[in-house]
Each structure stands twice: as structure tokens, then as C-alpha cells.
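Results of the structural survey
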Amino acid sequence: MSLADTPRDDVTDVQARTLKPATPTAAAPEEVQLEPLSPPAGPPPAGAVRPSARFMRGHPAHWIAFGFGSGLSPFAPGTAGTLWAWLAWLVLTQWLTTPAEQGWVIALGLVAAWWSSTVTARHLRIADPSAIVVDEVIAFWIVLWLVLPAGFWAQLVAFLLFRFFDAVKRGPVGWADRLFHGATGWRGGFGIVLDDLVAAFCTLLVMALWRAW
């Protein structure tokens, strides 16, 4: 009798085999390009520290560099730092009544800005953190030192001009920003401050031309 003639229940030579599930071909994952946390020529982004109030309390240089907390503003920290500088200068001039006294404070402030920017950038492991606003503070102090005793509207124009030059970074301000771009150590700290000093110079130049006209 052939296998075809054998009843279904009598078939004994058929062995069950385990079927392997079909494995779908996995698509290659798409490579995602991440935005670097720091300029390519600066320190590597791995291990960068997030600016915070807790970080600011960890070292005196952090307090100075962050403009005593104004640089931690979630919106436009540079503008917040410049506003803090404006208010702080108006308070300081209540006690520092002569240009010489104010000049000494600015001279010491420049050294403090360079030092605190260098230390804080190294601790954050970022070449030019946006939370560092002491550069805006000291640069705008220079503007106010030379503009006052101008009235409120002249001070407001100086504020808007300074923020424009510092944010747009065209011409000499852009050159100063690129000069130490990505540098670390004391050169990096000086580079953080330099472009804001040039922005202050451009502001004063426009103000002088405006008054002369």
C-alpha cells in the first residue's frame, strides 16, 4: 500500500519540525548629527557642566562671572547681565562720586572679569558659555562711565546700541570675537571679554558722533 492510500491517522513517518520565525531585516539606524556644546577648536563637549545656581555657589569666580545670577536668566542672559550692570552702576555711583574713583573700580573690574571668566569657563568645560555675563557688565560700565551724567533716554540709547553691537557681532566686534575663538585658559578668558570691550567702543563712537551732529 502506498503512502497516498494510507489513511491520515495511520501515517507515522511524518516528523514535526520546529519552524523558525521569520526575522525581518532591521533597517540601519539613521545617524543623527548632534550640535556641539562648544566650538570645534575648544574643549571637547563631553563632560560639559550645566550652569546652575548650585554651580554658581561653588566658587567666588562663578558669582562674578555669572553677574551674581543674572547670567542664569533662561532668556537672553547677555541682555539680563547688561540690565544688571546698568542698575548696579547707578547704585555704585551713589558712593563713587568722582570719575577717578569710578575709573579705579572699572580697572579692578577688568582684572576680575578676566580672572572669573577664565576660571568659570574652565570649570564649565565650555570655551565661551552664554551664562558668563561679566564681560557685558564691565563693558557697559565703561560706556556708562563715559556717557553719564546723561539722562535716561541717552542711557537707553547707549544700552540698545551696546546690545546691538554685542549680539550682531559685525565688523570689529566680529573680528574680536573670532580672534580668540575656541581658545582656552587665560587666552580664552581674555577672548570672552575682548569682543564686549570692542562693542563698548563702537557704542561710544556712535554716541560721540550723535552728540557732535
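In what follows, the structure referred to is the one given above.
Residues numbered from 1 in each chain as written. Predicted model: local features only at pLDDT ≥ 70, side-chain atom pairs only at ≥ 80, totals over all residues. Heavy atoms only, no water.

**Here we look at the nonpolar core**
Put simply, the rule reads: Put simply, buried Ala, Val, Leu, Ile, Met, Phe, Trp, Tyr and Cys residues joined by side-chain atoms within 4.5 Å make one nonpolar core. Only protein chains enter the accessibility calculation, which uses a 1.4 Å probe; a residue whose area is less than 20% of its type maximum is buried, one above 50% is exposed, and one in between is partly exposed. Runs of H or I in DSSP of at least four residues are treated as helices and runs of E of at least two as strands, each being numbered from the N terminus.
With 45 residues, the main nonpolar core has Phe-66, Ile-132, Phe-140, Trp-141 and Val-143 as its most contacted residues. Those elements that place two or more of their residues in this core are helix H1 (53-56), helix H3 (77-92), helix H4 (99-124), helix H5 (134-147), helix H6 (152-168), helix H7 (172-179) and helix H8 (185-212). A per-element tally of this core places H5 first, with ten residues.

**Section: the packing of aromatic side chains**
Going by this rule: A pair of aromatic rings is counted whenever rings of Phe, Tyr or Trp (Trp by its six-membered ring) have centres within 6.5 Å, and the orientation is called stacked for planes under 30 degrees apart, edge-to-face for over 60 and tilted otherwise.
The full count for this structure, using the stated rule, is 14 aromatic pairs. Judged by centre distance (5.8 Å) and plane angle (35°), the rings of Phe-55 and Phe-66 are tilted. In this pair, Phe-55 is assigned in helix H1 and Phe-66 in the loop between helix H2 (60-65) and H3, connecting sequence segments eleven residues apart. For the ring pair Trp-63 and Phe-68, a centre distance of 6.4 Å and an interplane angle of 45° mean the geometry is tilted. Ring-pair connections join several aromatic residues into one group, and the members of that group are Trp-86, Phe-140, Phe-152, Trp-153, Phe-159 and Phe-162.

**Considerations on the pattern of salt bridges**
Applicable threshold: Every case where a carboxyl oxygen of Asp or Glu lies within 4 Å of a side-chain nitrogen of Lys or Arg is listed as a salt bridge.
Enumeration over the complete set of coordinates arrives at three salt bridges. Of the charged contacts in the structure, one is a salt bridge between Lys-169 and Asp-166, with a shortest N-O distance of 3.3 Å. For Lys-169, a relative accessible area of 27% translates into the label partly exposed. Judged by relative accessible area, Asp-166 falls into the buried class, the value being 4%. Its salt-bridge partner being Asp-195, residue Lys-169 comes within 2.7 Å of it at the nearest N-O pair. In this pair, Lys-169 is assigned in the loop between H6 and H7 and Asp-195 in helix H8, connecting sequence segments 26 residues apart. In this structure, a network of salt bridges that share partners links the residues Arg-163, Asp-166, Lys-169 and Asp-195.

**Some words on a nonpolar patch on the surface**
Worth spelling out the cut-off: Surface patches are defined over residues having more than 30% relative accessible area and no salt bridge, joining like charges when they lie within 9 Å and nonpolar side chains (Val, Leu, Ile, Met, Phe, Trp, Tyr) when within 5 Å. Only the protein chains shown count as cover for residues, and the accessible areas themselves come from Shrake-Rupley with a 1.4 Å probe.
Side chains of Trp-114, Trp-115, Trp-186 and Phe-190 sit close together on the surface and give an oily, nonpolar patch of about 410 Å² of accessible area. Broken down by secondary-structure element, the contributors of at least two residues to the nonpolar patch are H4 and H8. Tracing the backbone through its elements, the reader meets Trp-186 in helix H8.

**A short note on the environment of Val-206**
The criterion, for reference: Whether two residues are in contact is decided by their heavy atoms: any pair within 4.5 Å suffices.
Tracing the sequence through the fold places Val-206 in helix H8. Assessed through its relative accessible area of 31%, Val-206 is described here as partly exposed. C-alpha separation for the pair Val-206 and Ala-158, spaced 48 residues apart in sequence, amounts to 8.9 Å. In this view, Val-206 contacts Leu-161 and Phe-165; residues no more than four positions away in its chain are not counted.

**Quick notes on the packing of H3 against H5**
So the rule is basically this: Between the N-to-C directions of two axes lies an angle of 0 to 180 degrees, each axis being a line fitted to C-alpha atoms and, for a helix, fitted only over the stretch in contact. For classification, angles of less than 35 degrees are called roughly parallel, those exceeding 145 degrees roughly antiparallel, those between 65 and 115 degrees roughly perpendicular, and all remaining angles oblique. Should the near helix be turned anticlockwise from the far one by less than a right angle, the crossing is left-handed, and should it be turned clockwise, the crossing is right-handed. Lys, Arg, Asp and Glu make up the charged group, whereas Ala, Val, Leu, Ile, Met, Phe, Trp, Tyr, Cys and Pro make up the nonpolar group; the residues left over, Gly among them, are polar.
The contact between H3 and H5 brings their axes to 8 Å, and the two run at 45°. With respect to H5, the axis of H3 lies oblique. H5 is crossed by H3, and the crossing has right-handed handedness. Residues Gly-78, Gly-81, Thr-82, Trp-84, Ala-85, Trp-86, Ala-88, Trp-89 and Leu-92 of H3 lie in contact with H5, whose contacting residues are Glu-136, Val-137, Phe-140, Trp-141, Leu-144 and Trp-145. Split by residue class, the contact of H3 with H5 holds eleven nonpolar, three polar and one charged.

**A short note on the layout of surface pockets**
Quick note on the threshold: Using a 1 Å grid laid over the protein atoms alone, points where a 1.4 Å probe fits but cannot get out form a cavity; open sets with protein on both sides within 12 Å along at least 5 of 7 lines form a pocket; any residue with an atom within 4 Å of a point counts as lining. Grid points are joined across faces, edges and corners, and a volume is the space filled by probe spheres set on the points.
Approximately 410 Å³ is the volume found for the largest pocket. Along its surface, the largest pocket is lined by 24 residues, and Asp-128, Asp-135, Lys-169, Asp-177 and Asp-195 are the ones closest to its centre. Put simply, the parts of the chain that give the lining of the largest pocket at least two residues each are H3, H5, H6 and H8. When residues in the lining of the largest pocket are grouped by element, the largest group, five residues, is from H8. Split into classes, the residues belonging to the lining of the largest pocket amount to nine nonpolar, six polar and nine charged.

**Some words on unusual backbone geometry**
Backbone torsion omega between Leu-148 and Pro-149 reads 15°, so that peptide bond is classified as cis. One non-glycine residue, Ala-76, adopts positive backbone phi at about 50°. Relative to the helices and strands, Ala-76 is located in the loop between H2 and H3. If you check the backbone angles, Arg-125 has positive phi at about 60° while not being a glycine. Turning to its location among the elements, Arg-125 is positioned in the loop between H4 and H5. A relative accessible area of 45% means that Arg-125 is categorised as partly exposed.

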